[in-house]
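Fold and geometry: a report
Chain residues, written in single-letter form:
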Amino acid sequence: MANVLLMPSLSPTMETGVISAWRKKAGDKVAVGDVLAEIETDKAAMEWELADAGYVRELLVPTGQELKVGTPIAVLTATPNEDYAAALAEAKSAAAAQPAAPAAPKAAAPPQATATAAPPQRAPAIPAPPAPQPSAAVPAVPAPAKSARGADERVKISPYGKKLAEQHELDWQALVGSGPGGRIVAQDVQAALASARPASARATQAAAQLAAVPAGAFEDRPLSMMRKAIAKKMAESKQTVPHFQARRKVRMERMLDARAGLKRDFPDLKITVNDLLIKACAVALAQHPAVNSQFLGDRIRRFHSVDIAVAVGTEEGLITPVIRAAHAKGLREISAEMKALGEKAREKKLKPDEYQGGTFTISNLGMFGVTEFNAIINAPQACILAVSATVSEPVVEGDRLIIGQTMNLTLSSDHRVVDGVTAAQFLATLVKLIENPVALLL
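Keep in mind it's a predicted model, so treat the numbers as computed, not measured. (Residues numbered from 1 in each chain as written. Predicted model: local features only at pLDDT ≥ 70, side-chain atom pairs only at ≥ 80, totals over all residues. Heavy atoms only, no water.)

Some words on the overall build of the protein chain
For the protein chain, the helix and strand inventory stands at 10 helices and 19 strands. Burial statistics for the protein chain: of 442 residues in total, 41% are counted as buried. Pairs at least 24 apart in sequence give 66% of the contacts found in the protein chain among residues at least 6 apart. With the model as given, the accessible surface of the protein chain reaches about 23,900 Å², and the carbon-plus-sulfur share is 56%. (Helix = DSSP H or I, 4+ residues; strand = E, 2+ residues; numbered from the N terminus. Buried < 20%, exposed > 50% of the residue type's maximum accessible area, 1.4 Å probe, protein only. Contact = heavy atoms within 4.5 Å. Areas by Shrake-Rupley, 256 points an atom, 1.4 Å probe, with all protein chains shown as cover.)

Structure follows, in structure tokens:
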């Protein structure tokens, strides 16, 4: 019999989805487990596998259109010649009855005027960047030096890294990857592009492009699924959660020395300051369970497990992969897990259980030179820690004035769950751990 396939719900928070690519076409024979489509949700791009075998008779919706969960999207039949007219009519009728979700407009298509509406105003067009001309000042991007791979060794590259390399016509097969198992990731491609062209040449080209932009020029970009979810969640959190902030300055010399020692003695570990901070927070949270909590309306839930969400930047916004049971893991395990989750996050390949259900969040902007900021709580969590850059500044040590390495930590708390004293006690424990990092290795 004919089976009408509906837009699936791929996560507990998913309300709409976008089919970014069909993997099968009408007429294809399919088996259980075959991937029918790639579906973009508010947090990730996921492959949708079929639960039934049969034949794809018709794909009902185009790619790139935002659809509500439950919208009919395809018809599957058991045999290639089965009559599916009744099922198709039912599917189209159900689709017509669904409230229209906003479609993601194509960037290349100009706005269209209708017979009943005035043509929309458009901004002055921004000219496309001029194609670089061969010259001594702006050399073409050269191919990087070939790696020492064997002739038959398969080159592994992340989907986003491959897309980025192809956009810039970079020979990615020549790169040496820094990801798990030597996989080439986006950062490897970006590093190759950055090193291939002198900074002065890039600045000259950018200045020339800006000079060609007319006054008042702009472009409107539709919100991505992820950006819509971020906008909704952050607005709700800021408007409904009574935030307050507590700040501490922490000395970083010993933690930096500990990291340098680990890097020297265990070069395969590649421990980052962020890894050490995750471990320090996990130990501190185990000692202060009130901070490791969620507000659930009529009750407060205190967690026995410390599941730390870590904000990771992607092209479209932040996502927070979760290190589960961080209190019970060593630095090696935390570091490896964070690297793998970070890469999956940037490729939009995280599964719902990899980014949902954290009990505490860390947002680190130190690598961007930010010296202090307030983070918005990731509700229903009770707290989020904003981590800033390590800076050199004068500090008083006994009766001496010296140059020390310091970092600002800002804890944003939900005052319905955490009081000022509780926040201060947690920060005191965290500072002690950071300033005496040997405790993290025990």
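With respect to the packing of aromatic side chains
Under the definition given, this model contains one aromatic pair. Its end group placed over the ring of Phe 295, Arg 416 keeps NZ or CZ at 3.9 Å from the ring centre. (Phe/Tyr/Trp six-rings, centres within 6.5 Å; stacked < 30°, edge-to-face > 60°. Lys NZ or Arg CZ within 6 Å of the ring centre and 35° of its normal.)

Focus on the pattern of salt bridges
Taken as a whole and assessed by the stated rule, the structure comprises 21 salt bridges. A salt bridge links Asp 34 to Lys 24; its shortest N-O distance comes to 4.0 Å. Remark: Lys 24 occurs in the loop between strand 2 (16-22) and strand 3 (29-30) and Asp 34 occurs in the loop between strand 3 and strand 4 (35-40); sequence separation between them is 10 residues. Classification of Asp 34 as partly exposed rests on a relative accessible area of 22%. Lys 24 sits in the partly exposed class, given a relative accessible area of 23%. (Salt bridge = Lys/Arg side-chain N within 4 Å of Asp/Glu carboxyl O.)

Quick look at helix 8 (residues 331-346)
Compared with an ideal rise of 1.5 Å per residue, which puts 16 residues at 22 Å, helix 8 spans 22 Å between its outermost C-alpha atoms and is within 8% of the ideal. Of all the positions in helix 8, only Leu 331, Ile 334, Ser 335, Met 338, Leu 341, Gly 342, Glu 343 and Ala 345 are classed as buried. Looking one or two places after helix 8, you find Lys 348, whose phi comes out positive at around 60 degrees. (Expected span 1.5 Å × (residues − 1).)

Some words on unusual backbone geometry
In this model, Ala 379 is joined to Pro 380 through a cis peptide bond whose omega is 10 degrees. Looking at where Pro 380 falls in the secondary structure, it is placed in the loop between strand 16 (360-364) and strand 17 (383-387). One non-glycine residue, Lys 348, adopts positive backbone phi at about 60 degrees. Its place among the elements puts Lys 348 in the loop between helix 8 and helix 9 (352-355).

Concerning the confidence of the model for the protein chain
Parts of the prediction with low pLDDT should not have their coordinates interpreted in detail. Averaged over the protein chain, the pLDDT score is 81; the fraction of residues at 70 or greater is 82%. Considering only residues more than four positions removed or in separate chains, one finds that residues 101-152, a stretch of pLDDT under 50, has 66 contacts. (pLDDT = per-residue confidence, 0-100.)

Considerations on the sheet that holds strand 8 (residues 72-77)
Strand order in the open sheet formed by four strands is 1-8-6-3, and the pairing between neighbours is antiparallel. With one partner strand each, in any of the chains shown, strand 1 (3-6) and strand 3 form the two edges of the open sheet. Taken together, the four bridges between strand 1 and strand 8 define a ladder with antiparallel strand orientation. Each residue of the ladder has a partner; that of Leu 5, found in strand 8, is Ala 74. (Pairing = 2+ DSSP bridges.)

Here we look at the pairing of strand 5 (residues 45-49)
Sheet topology note: the strand 4/strand 5 ladder contains five bridges and is antiparallel. Of the residues in strand 5, the one forming a bridge with Ile 39 is Met 46. Where strand 4 folds back onto strand 5 in an antiparallel hairpin, the turn is made up of four residues.

Things to note about the side chain of Glu 66
Positionally, Glu 66 belongs in strand 7 (residues 66-68). A polar atom in the side chain of Glu 66 sits 2.8 Å from the side chain of Thr 16. Looking at Glu 66, its side chain comes within polar contact range of the side chain of Lys 228, at 2.5 Å. (Polar contact = N/O pair within 3.5 Å; in protein donor to acceptor, adjacent residues only side chain to side chain.)

Concerning the pairing of strand 2
Most of strand 2 sits out of view: five of its seven residues are buried. Pairing of strand 2 with strand 7 involves three bridges; the strand directions are antiparallel. By the bridge assignment, Gly 17 is partnered in strand 7 with Leu 67. Note that strand 2 and strand 4 share four bridges and pair antiparallel. The residue of strand 4 that forms the bridge with Trp 22 is Ala 37.

Overview of the packing of helix 7 (residues 273-287) against helix 8
The interhelical angle for the contact between helix 7 and helix 8, taken along N-to-C directions, is 120 degrees, at an axis separation of 9 Å. With respect to helix 8, the axis of helix 7 lies oblique. For the element pair helix 7 and helix 8, the recorded crossing hand is right-handed. Residues Asp 275, Leu 276, Ile 278 and Lys 279 of helix 7 touch helix 8, and the partners they reach there are Leu 331, Ile 334, Ser 335, Met 338 and Lys 339. In terms of residue class, the contact of helix 7 with helix 8 is built from five nonpolar, one polar and three charged. (Axes fitted to C-alpha atoms, helices over the stretch in contact; angles between N-to-C directions. Parallel < 35°, antiparallel > 145°, perpendicular 65-115°, else oblique. Left-handed = near helix turned anticlockwise from the far one by under 90°. Nonpolar A, V, L, I, M, F, W, Y, C, P; charged D, E, K, R; others polar.)

Remarks on the sheet that holds strand 7
The four strands lie next to each other as 5-4-2-7, forming an open sheet whose pairing is antiparallel. The open sheet has two edge strands with one neighbour each: strand 5 and strand 7. Along the sheet, successive strands turn relative to each other by an average axial angle of 45 degrees, direction set aside. Sitting on the sheet, helix 5 (residues 225-240) is in contact with strand 2, strand 4 and strand 7, with an inclination near 165 degrees to strand 2.

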